[in-house]
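Examining the three-dimensional arrangement
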Amino acid sequence: HDIVLLTPLASSTKVTENHRRMFRTCFSDDQQGQALAKFAINKLKLNKIIVFTNRDNIYSIGLSNEFLKEANSISKTKIEQIFYSQSSFVADEIVSQVDLKNIQAIFIPDYVTTAAQLTKAITNKTNHVTILGGDGWGESVVFNAINSESPKTKLFYSDHWDISFAQKQAAQFVKSYTNFFKKAPTSGAVTTY
């Protein structure tokens, strides 16, 4: 087949694995998971971390695994993992499995709706826990929603691009996009460009 696939947002390594004509313009979950773990442990100095993993979601499993592999190799304490299922998902029940006063951070590698529900359940109980997320948070959707309700909560998530990175060619794209759509481009628009 002569079809070429170029994806701006599919971060799973399985998308391009063993496919000669499939490429991504974004980072992979391997890179994202490693970077998030290093950021949490080396930069934020967090060691008591729980990872919430959606066992029904390949993205959540892959990103969790990469985060855990890196975190457990550099952390002084073992990073724990809690699994949940989308079919029986109740955010408050999942959060109640964790003694929040003994946790510094929770990593939620899931998509925007589930991540928002879990984050809200955590922030309803405490604001001392740092919450980490991946690109599945829908750019800043989860961050903005929770930050407006619980501004003291520390939230960090990874994304494919940020407007502060716009240099020469990207700056021209940002200007054109903003003029046309009357808003700044999303990371997906930029990685597509």
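Cut-offs used in this document
Residues numbered from 1 in each chain as written. Predicted model: local features only at pLDDT ≥ 70, side-chain atom pairs only at ≥ 80, totals over all residues. Heavy atoms only, no water. Core = buried A, V, L, I, M, F, W, Y, C linked by side-chain atoms within 4.5 Å. Buried < 20%, exposed > 50% of the residue type's maximum accessible area, 1.4 Å probe, protein only. Helix = DSSP H or I, 4+ residues; strand = E, 2+ residues; numbered from the N terminus. Pairing = 2+ DSSP bridges. Axes fitted to C-alpha atoms, helices over the stretch in contact; angles between N-to-C directions. Contact = heavy atoms within 4.5 Å. Expected span 1.5 Å × (residues − 1). Arc of directions from axis to C-beta. Phe/Tyr/Trp six-rings, centres within 6.5 Å; stacked < 30°, edge-to-face > 60°.

1. A short note on the nonpolar core
Counting residues in hydrophobic clusters, the biggest one holds 23 residues, and the most contacted among them are Phe52, Ile106, Ile108, Leu118 and Ile122. For this core, the element with the most residues is helix H4 (residues 112-125), which contributes four residues. Core analysis: the next-biggest nonpolar cluster, separate from the first, contains 16 residues, Ile49, Val51, Leu63 and Phe107 among them.

2. Regarding the sheet that holds strand E5 (residues 105-108)
The five strands are arranged E4-E3-E5-E6-E7 in an open sheet whose pairing can be described as parallel. In this open sheet, the two edge strands, each paired with only one partner strand, are strand E4 (80-84) and strand E7 (155-157). Across this sheet, the average inter-strand angle for adjacent strands is 20°, counted without regard to direction. With five bridges joining them, strand E3 (residues 49-54) and E4 adopt parallel strand pairing. Directly across from Ile50, in E4, lies its bridge partner Glu80. Helix-sheet contacts for helix H2 (residues 58-74) involve E3, E4, E5 and strand E6 (130-133), and the interaxial angle to E3 is about 155°.

3. So, helix H1 (residues 29-43)
Compared with the 21 Å implied by 1.5 Å per residue over 15 residues, the 20 Å span of H1 between its first and last C-alpha is a close match. Where H1 is concerned, the buried positions are Asp29, Gln32, Gly33, Leu36, Ala37, Ala40 and Ile41. For H1, the angular spread of buried residues about the axis comes to 140°, placing them on one side. Contacts made by the buried residues of H1 are with E3, H2, E5 and E6. Trailing H1 by a residue or two, Lys45 shows a phi angle of about 60°, which is positive.

4. Comments concerning the packing of aromatic side chains
Tallied over the full model, the rule gives nine aromatic pairs. Aromatic side chains Tyr59 and Tyr111 sit 4.7 Å apart centroid to centroid with 20° between the ring planes, which places their arrangement in the stacked category. Taken together, the positions of Tyr59 in helix H2 and Tyr111 in the loop between E5 and H4 put the pair 52 residues apart, joining distant regions of the chain. With a relative accessible area of 8%, Tyr59 lands in the buried category. A relative accessible area of 42% means that Tyr111 is categorised as partly exposed.

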